[in-house]
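Residue-level structural notes
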Amino acid sequence: MTRPVIVTRTLPDANETARALEALGFRPVLSPMLEIVSQPADLSVLERATHIIFTSANGVRALAGVRPPPHLTAWCVGPTTSAAARAAGYVHIREGPGNARELAETILAAQGKSAGLFVHVANEDAAGDLVARLNAAGIEAVFAAPYRTLACKHLSPEALAALSDGSQPILLVHSARAASAIGASGADLSGAALVAISEAALQPLKGRAGLGEWVASEPREAALLDAVQAAALAVGR
């Protein structure tokens, strides 16, 4: 029987993960635990920005109606976000190593105090840390939140069925917020293996998966898929 892998990533990125899992011979089960919701935001600050920071492809999508100024440098957290920025028309793209903290370090290593204005575009839950680190180093940076994420109360019926029918699914977690939503849902994970993209993403569910826990070697989708394969081998594919 093909092992199910429950994908809790937000749409539409969950579809990308599902396709990659199918190519590896798994059966993806979609159950996004976070929903992206647009909200009003003052984006006039982009008119004087020289740099824009995206810590998720969702930030790029949130600016779909804003034509990228040709001079703007887009700092992207990783390859998926870089690809989204490229598709959206950004010309000058700098790619980080996969998480917001390391992206901040990349920016600090590359820029001086007179680097111009950085605008971090993300959901409202991400406000503060990255911008604060840049400000503390003397770099002018502000935050803009044109969208927010809402936690889903329950896993999808298909995911709940996979957790209860003895098929020993692998549960994928892409963020701590999604993990918290899964934990709050009360889902029984005793018959599942858990694979998280980072230690931070694992923490809200640590110790909950009966078949074991795996963490990607680095916070990238390719490393996450490697961890899925390792988990599948360990529990008996």
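What this report covers is the structure whose coordinates are included nearby. None of the values given here were measured: they were computed from a predicted structure.

Below, the discussion takes up the pattern of salt bridges. Counted by the stated rule, this structure contains six salt bridges. Aspartate 13 is paired through a salt bridge with arginine 61; the nearest N and O atoms lie 2.4 Å apart. Taken together, the residues span a long stretch of sequence, with aspartate 13 in helix H1 (residues 13-23) and arginine 61 in helix H2 (residues 57-62) at a distance of 48 residues. The exposure class of aspartate 13 is buried, given its relative accessible area of 5%. Arginine 61 gets classed as partly exposed once you look at its relative accessible area, which sits at 33%. A salt bridge links arginine 48 to glutamate 140; its shortest N-O distance comes to 3.2 Å.

The subject of this paragraph is the environment of arginine 3. Examined against the element boundaries, arginine 3 turns out to sit in the segment before strand E1 (4-7). On a C-alpha basis, the gap between arginine 3 and glycine 25 in space is 8.4 Å, while along the polypeptide they are 22 residues apart. A distance of 2.6 Å separates the side chain of arginine 3 from the backbone oxygen of glutamine 168, its partner in a polar contact.

Turning next to unusual backbone geometry. The amide bond that connects leucine 11 to the next residue, proline 12, takes the cis arrangement and shows omega of 0 degrees. Assignment of secondary structure puts proline 12 in the loop between E1 and H1. Although it is not a glycine, glutamine 168 sits at a positive phi angle of roughly 50 degrees. The partly exposed category is assigned to glutamine 168, whose relative accessible area is 32%.

Take helix H3 (residues 79-88) next. Along H3, the positions that sit buried rather than exposed are Thr81, Ser82, Ala84 and Ala85. Taken end-on, H3 shows its buried residues confined to a sector of 160 degrees, consistent with a single buried face. In H3, the exposed residues that point more than 90 degrees away from the buried face are Arg86 and Ala87. Residues of H3 that are buried make contact with strand E4 (51-54), H2, strand E5 (73-76) and strand E6 (92-95). The positive-phi residue at the C-terminal boundary of H3 is glycine 89, with phi of around 105 degrees.

Turning to the environment of glutamate 221, a few remarks are in order. Take glutamate 221: it is sitting in helix H9 (residues 221-235). Residues glutamate 221 and aspartate 13, spaced 208 residues apart in sequence, show a C-alpha to C-alpha distance of 11 Å. Non-local contacts of glutamate 221, meaning those with residues more than four positions away in its chain, are made with Arg9, Thr17 and His174.

With that out of the way, let us pick up the environment of alanine 87. Note on placement: alanine 87 falls in helix H3. Residue classification places alanine 87 among the exposed positions, given a relative accessible area of 72%.

With that out of the way, let us pick up the packing of aromatic side chains. Applying the stated criterion across every chain yields a total of two aromatic pairs. When the ring of tryptophan 75 is compared with that of phenylalanine 118, the centres are 6.2 Å apart and the planes differ by 45 degrees; the resulting orientation is tilted. In this pair, tryptophan 75 is assigned in strand E5 and phenylalanine 118 in strand E7 (residues 118-123), connecting sequence segments 43 residues apart. An identical accessibility class is assigned to tryptophan 75 and phenylalanine 118; each is buried.

About the cut-offs
Residues numbered from 1 in each chain as written. Predicted model: local features only at pLDDT ≥ 70, side-chain atom pairs only at ≥ 80, totals over all residues. Heavy atoms only, no water. Salt bridge = Lys/Arg side-chain N within 4 Å of Asp/Glu carboxyl O. Helix = DSSP H or I, 4+ residues; strand = E, 2+ residues; numbered from the N terminus. Buried < 20%, exposed > 50% of the residue type's maximum accessible area, 1.4 Å probe, protein only. Polar contact = N/O pair within 3.5 Å; in protein donor to acceptor, adjacent residues only side chain to side chain. Arc of directions from axis to C-beta. Contact = heavy atoms within 4.5 Å. Phe/Tyr/Trp six-rings, centres within 6.5 Å; stacked < 30°, edge-to-face > 60°.

These figures come from the coordinates and say nothing about function on their own.
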